[in-house]
Amino acid sequence: MDRVSLRTARGEVEGWSDSRFSGVVDAFVENFEARDEVGASVAVTVEGKTVVDVWGGRTAEGGEPWKQDTISVVFSCTKGASALCAHMAADRGLLDFDASVTRYWPEFGQAGKEGALVSMMLDHSVGLPSLRETLKEGAFYDYDYMVGRLERETPFWKPGTRNGYHGVTSAWTVGEMVHRSTGKRMGVFLRDEVAGPLGVDFWMGLPEEYEPRVAPMIAAPVDDQARNSRIAKGMAADPTGPTALFMTNMGGFSANARAAHAAEIGSATGISNGRGLAGLYAPLANGGALNGVRLVGADTLTRMGQVSVATHEDATLMIPTRFSLGYMKSMDNRRLDNSVACSCVLSEAAFGHVGAGGSIGFADPECRMSLGYSMNRMGPGILLNDRGQSLVDAAYRALGYRTNAGGAWVA
């Protein structure tokens, strides 16, 4: 690969890139020059080999340079790692997605959730996208407290009858499926069974010794676009509904708090970088195994990419969404009103997850590609903004893909 060393308006961009993927590097640099990127990293693998690994900018406005080992909170990209743990449990015969949740978690079977299936915990249809009663301070950092609250909670709809993004609560609905079936909490399972064997820098419960490497997140500004978004309108229309409670009932959660980084919040506080995200998905882009590390078999890998739910209006996000069991599928909402940064355009074979502000990690088994992108300045909307999408687009173009009439990338 060729060495990359370029100066941008925000500082140096460094790393390596295969010349075939120079368009990804160009898009990465353009993000700093024209799209207000502050600090970021992106990596791409094809057939298990790294073809792009670049980083640059600053860890904060006017701060230190973003280094090769800088990491940041990747928000809901964490859900991809959580889903992987659940699929690995299923692949080993420890967890049956078609079984009742109560087989593994008897206490969950109350208040209208008695018929919930394990699959509903992963595809956002179990009916617990948020909690009604005010959460205590620091609730998200207390795993056992959140498990108990979800056990007693009445669902917003009969489990399985519709879907609404479980933006934070999936940390414990999916997390407890892994915990009850494997005997390990999610962060430990991820460390022992995935990140450790693969040698990837992805944490769900960051050791304090690595805290100096973390770039703090910079919130997206609240502007007219945000105030007129579909989520904002949904919150105003029903202040006690799942959308409003998902956005407001958070127990004082702060993504930059040490307590958040240390907690195992399997939906929201994974910490990694572009290299770590691409490395996490690389085996899934290559049959479920890579370099002697087997994560899942062929049947499980197929199920990971199959659409499980799709809707014209997600009960939480207020936009059309498509999910497999635990993963986002390609979603093209660019023609909708009030839907800026509410799309994630991939190929139909791809699956992965976007994080708040615009980070992403995904695998595409069809072209054997994985991609990871992380950053510290959050963008608008609830899916990819133009920074992340430009990187995804450039990677597909490098492989000879084109967009079809439906917007998806095709060979």
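For the structure, check the block above.
Given the structure is predicted, the values throughout are model-derived calculations rather than measurements.

A. Structural view of the overall build of the chain. Scanning the chain from N- to C-terminus turns up 13 helices and 15 strands. For 411 residues, the compact-globule estimate of 2.2 N^0.38 gives 22 Å, and the chain sits close to it at 20 Å. The dimensions of the chain, computed from C-alpha atoms along their principal axes, are 60 × 50 × 50 Å. Buried residues in the chain amount to 60% of all 411 residues. Considering only contacts in the chain between residues 6 or more positions apart, those separated by 24 or more positions represent 66%. Entry remark: accessible area of the chain is about 15,200 Å², with carbon and sulfur atoms responsible for 48%.

B. Summary view of the packing of aromatic side chains. Scanning the entire structure with this criterion turns up 14 aromatic pairs. With centroids separated by 5.8 Å and ring planes inclined at 50 degrees, the aromatic side chains of F140 and F253 adopt a geometry described as tilted. Residue F140 is located in the loop between helix 3 (118-122) and helix 4 (143-152), and its partner F253 is located in the loop between helix 9 (242-248) and helix 10 (258-262); the two are separated by 113 residues in the primary sequence. Taking the centre distance of 5.0 Å and the plane angle of 65 degrees together, the rings of Y327 and F351 count as edge-to-face. Linking Y327 in the loop between strand 10 (321-323) and strand 11 (351-355) with F351 in strand 11, this pair joins segments that are 24 residues apart in sequence. You can call Y327 buried: its relative accessible area is 0%. Feature note: the residues F140, Y141, W172 and F253 constitute an aromatic cluster, connected by ring pairs. A cation sits over an aromatic face here: R3 above W16, 4.8 Å from the ring centre. The ring of Y210 is capped by R213, whose NZ or CZ atom sits 5.4 Å from the centre of that ring.

C. Spatial organisation of helix 2 (residues 78-91). Over its 14 residues, helix 2 extends 20 Å from the first C-alpha to the last, a length consistent with the 20 Å expected when each residue adds 1.5 Å. Turning to helix 2, its buried residues are T78, K79, G80, A81, S82, A83, L84, C85, A86, H87, M88 and A89. Looking at the buried side of helix 2, the elements it contacts are helix 3, helix 5 (170-182), helix 6 (186-198), helix 11 (274-281), helix 12 (298-305) and strand 11. Where helix 2 terminates, the next one or two residues include G93, which has phi positive at roughly 80 degrees.

D. Structural context of the sheet that holds strand 1 (residues 2-8). One open sheet accounts for seven strands, arranged 1-2-4-3-13-12-11; its pairing is antiparallel. Unpaired on one side and paired on the other, strand 1 and strand 11 mark the two borders of the sheet. Each adjacent strand pair in this sheet contributes to an overall mean axis angle of 5 degrees, direction not counted. Here five bridges tie strand 2 (residues 11-17) to strand 4 (residues 49-57), and the two strands are oriented antiparallel to one another. For V13, the partnering residue across the bridge sits in strand 4 and is G56.

E. How the structure looks around the pattern of salt bridges. Overall, the coordinates contain 28 salt bridges when judged by the stated rule. Among the salt bridges present, the one from E153 reaches R132, with a minimum N-O distance of 3.1 Å. A residue pair is termed long-range when its members are at least 10 positions apart, and E153 in the loop between helix 4 and helix 5 and R132 in the loop between helix 3 and helix 4 qualify at 21 residues. On the basis of relative accessible area, R132 is assigned to the partly exposed category, the value being 37%.

F. Region of the structure containing the pairing of strand 11. The buried fraction of strand 11 is high, at five of five residues. Of the two faces of strand 11, the one carrying F351, H353 and G355 and the one carrying G352 and V354 are both buried. Note that strand 11 and strand 12 (residues 359-364) share five bridges and pair antiparallel. What sits directly across from V354, in strand 12, is I360. Here strand 11 folds back onto strand 12 in antiparallel fashion, the turn holding three residues, of which G357 has a positive phi close to 95 degrees.

G. Examining the packing of helix 1 (residues 22-34) against helix 13 (residues 386-398) more closely. Where helix 1 meets helix 13, the axes come as close as 8 Å, and the angle between the chain directions of the two elements is 165 degrees. Classified by the interaxial angle, the pair formed by helix 1 and helix 13 is roughly antiparallel. At the point where helix 1 passes helix 13, the crossing takes the right-handed sense. Contacts between helix 1 and helix 13 involve G23, V24, A27, F28 and N31 from the first element and D386, R387, S390, L391, A394 and A395 from the second. The residue makeup of the contact of helix 1 with helix 13, split by class, is six nonpolar, three polar and two charged.

H. Focus on the nonpolar core. Counting 124 residues, the largest nonpolar core has W172, L284, I360 and Y396 as the members making the most contacts within it. Broken down by element, the residue count for this core peaks at seven residues, all from helix 2. Dropping the residues within four chain positions of it, L284 is found in contact with L84, L295, V296, L301, M304, Y327, F351, A363 and P365.

Calculation criteria
Residues numbered from 1 in each chain as written. Predicted model: local features only at pLDDT ≥ 70, side-chain atom pairs only at ≥ 80, totals over all residues. Heavy atoms only, no water. Helix = DSSP H or I, 4+ residues; strand = E, 2+ residues; numbered from the N terminus. Rg over C-alpha atoms; globule rule 2.2 N^0.38 Å. Buried < 20%, exposed > 50% of the residue type's maximum accessible area, 1.4 Å probe, protein only. Contact = heavy atoms within 4.5 Å. Areas by Shrake-Rupley, 256 points an atom, 1.4 Å probe, with all protein chains shown as cover. Phe/Tyr/Trp six-rings, centres within 6.5 Å; stacked < 30°, edge-to-face > 60°. Lys NZ or Arg CZ within 6 Å of the ring centre and 35° of its normal. Expected span 1.5 Å × (residues − 1). Pairing = 2+ DSSP bridges. Axes fitted to C-alpha atoms, helices over the stretch in contact; angles between N-to-C directions. Salt bridge = Lys/Arg side-chain N within 4 Å of Asp/Glu carboxyl O. Parallel < 35°, antiparallel > 145°, perpendicular 65-115°, else oblique. Left-handed = near helix turned anticlockwise from the far one by under 90°. Nonpolar A, V, L, I, M, F, W, Y, C, P; charged D, E, K, R; others polar. Core = buried A, V, L, I, M, F, W, Y, C linked by side-chain atoms within 4.5 Å.

Read these as spatial facts, not as claims about activity.
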